[in-house]
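Structure assessment
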Amino acid sequence: MQTIDLNVLGLRDGQRALDLGCGAGRHVHAMYYHAECHVVGIDLGFEDVKRTREGFGTCPDMDPETRRSFSLSVGNALSLPFPDASFDKIICSEVLEHIPDYKQAVAEIDRILKPGGTLAISVPRFFPEWVCWKFSDDYHNEPGGHVRIFQESELKGAVESRGLAFFHRHFAHGLHSPYWWLKCAVGVKREDVKLVNLYKRFLEWDILEGPWLTRTLEKLARPLMGKSLVLYFTKGAA
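These lines cover the structure that appears in this document, whether it is placed above or below. (Residues numbered from 1 in each chain as written. Predicted model: local features only at pLDDT ≥ 70, side-chain atom pairs only at ≥ 80, totals over all residues. Heavy atoms only, no water.)

1. Examining the overall build of the protein
Along the backbone of the protein there are 9 helices and 7 strands. Over its C-alpha trace the protein gives a radius of gyration of 18 Å, about what one expects of a compact globule, namely 18 Å for 238 residues. Considering only C-alpha atoms, the protein reaches an extent of 50 × 45 × 35 Å along its principal axes. By residue count, 48% of the 238 residues in the protein fall in the buried class. For the protein, the share of sequence-separated contacts (at least 6 apart) that also reach a separation of at least 24 residues comes to 78%. (Helix = DSSP H or I, 4+ residues; strand = E, 2+ residues; numbered from the N terminus. Rg over C-alpha atoms; globule rule 2.2 N^0.38 Å. Buried < 20%, exposed > 50% of the residue type's maximum accessible area, 1.4 Å probe, protein only. Contact = heavy atoms within 4.5 Å.)

2. Thoughts on the layout of surface pockets
Of the volumes computed, that of the largest pocket is approximately 1500 Å³. In terms of lining residues, the largest pocket is bounded by 45 residues, among which R26, E94, E97, H98 and H146 are the most central. Only strand 1 (16-20), helix 2 (26-34), strand 2 (38-43), helix 7 (176-186) and helix 8 (194-209) provide two or more residues apiece to the lining of the largest pocket. A class-by-class count of the residues in the lining of the largest pocket yields 18 nonpolar, 15 polar and 12 charged. The computed volume of the second largest pocket comes to approximately 400 Å³. Forming the walls of the second largest pocket are 15 residues, and the residues nearest its centre are Q2, H173, R215, E218 and R222. When residues of the lining of the second largest pocket are traced back to their parent elements, those giving at least two are strand 6 (164-172), helix 8 and helix 9 (212-225). (1 Å grid on protein atoms, 1.4 Å probe; cavity = no way out; pocket = protein on both sides within 12 Å on 5 of 7 lines; lining within 4 Å. Points joined across faces, edges and corners; volume = space filled by probe spheres on them. Nonpolar A, V, L, I, M, F, W, Y, C, P; charged D, E, K, R; others polar.)

3. Description of the pairing of strand 3 (residues 69-74)
The pairing of strand 2 with strand 3 spans 6 bridges and is classified as parallel. Residue V39 lies in a different strand from strand 3, and its bridge partner there is F70. After leaving strand 2, the chain enters helix 3 (residues 46-58) and then returns to the sheet as strand 3, a path that is right-handed. (Pairing = 2+ DSSP bridges. Right-handed = clockwise from strand over helix to strand, strands pointing away.)

4. With respect to the sheet that holds strand 1
With mixed pairing, the 7 strands of this open sheet are ordered in space as 3-2-1-4-5-7-6. Since the sheet does not close on itself, it has two edges, and those belong to strand 3 and strand 6, each with one partner. Averaged over all neighbouring strand pairs, the angle between strand axes comes to 15°, with direction disregarded. Across the sheet, helix 4 (residues 102-112) is in contact with strand 1, strand 4 (87-93), strand 5 (113-124), strand 6 and strand 7 (228-235); its angle to strand 5 comes to roughly 150°. (Axes fitted to C-alpha atoms, helices over the stretch in contact; angles between N-to-C directions.)

5. Considerations on helix 3
Across its 13 residues, helix 3 extends 19 Å between first and last C-alpha, which sits within 8% of the 18 Å expected from 1.5 Å per residue. Against helix 2, strand 2 and strand 3 lie the buried residues of helix 3. (Expected span 1.5 Å × (residues − 1).)

6. A word on the nonpolar core
Taken as a class, soluble globular proteins show a tendency for nonpolar side chains to be buried jointly. Counting 31 residues, the largest nonpolar core has L18, L96 and L119 as its most contacted members. Put simply, the parts of the chain that give this core at least two residues each are strand 1, strand 2, strand 4, helix 4, strand 5, helix 6 (152-160), strand 6 and strand 7. Counting residues per element, this core draws most heavily on helix 4, which supplies 5 residues. Residues contacting L119, with those up to four places away along its chain left out, are L9, I90, I109, L113, V159, L164, L231, Y232 and F233. In terms of nonpolar packing, the next biggest core, distinct from the first, is built from 19 residues, A30, Y32, I91 and A120 among them. (Core = buried A, V, L, I, M, F, W, Y, C linked by side-chain atoms within 4.5 Å.)

All quantities given are derived from atomic positions and should not be read as evidence of function.
Okay, here's the thing in structure tokens:
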């Protein structure tokens, strides 16, 4: 389930790209196969990094002369283990809402992004997230959970204050908001609610098959109730 549009990100052959907070590796894998580049994934959780590595085993690169490469690491967004100006492209997807001092994470992103580089950030969109918080404390009030709901202007301002220039916005995962509203309304930890389980199967069908019906519904739902807000920035040349 890809949130960032790699065409908007502008990922090209020969570049070095970072997925900060890579989780199970959805954007690491997408970037690896999008261009002949070097992709780095980093996450605070060792088990997530292991899952990302296992994904390359499940879908190996079959090109014997590939110029693609990847590396993975455990690390903290507040103190990233990379030199200044290390990356042409950086993705930070669904991460900042978990970090109390998110401005320090933005400062670290700015430090390691090359002049002329591009940054894509996604966070839960304000209104769909607000509904989830109203329905359920369990949705966010747990270790490692969401600590804030971002207003778009707040996040844009935090990044622009570092000197990066905003250039594009879109929303993602329009069909996912109703699922989370339902889940929060009946109890986010419950697994026995038939309607919620049916909706989950519907989303899995969409992700795996991408039929015309769900693609059309997604395009209609995305601007109205897309679960994620996605912002793109460029860093000025030195």
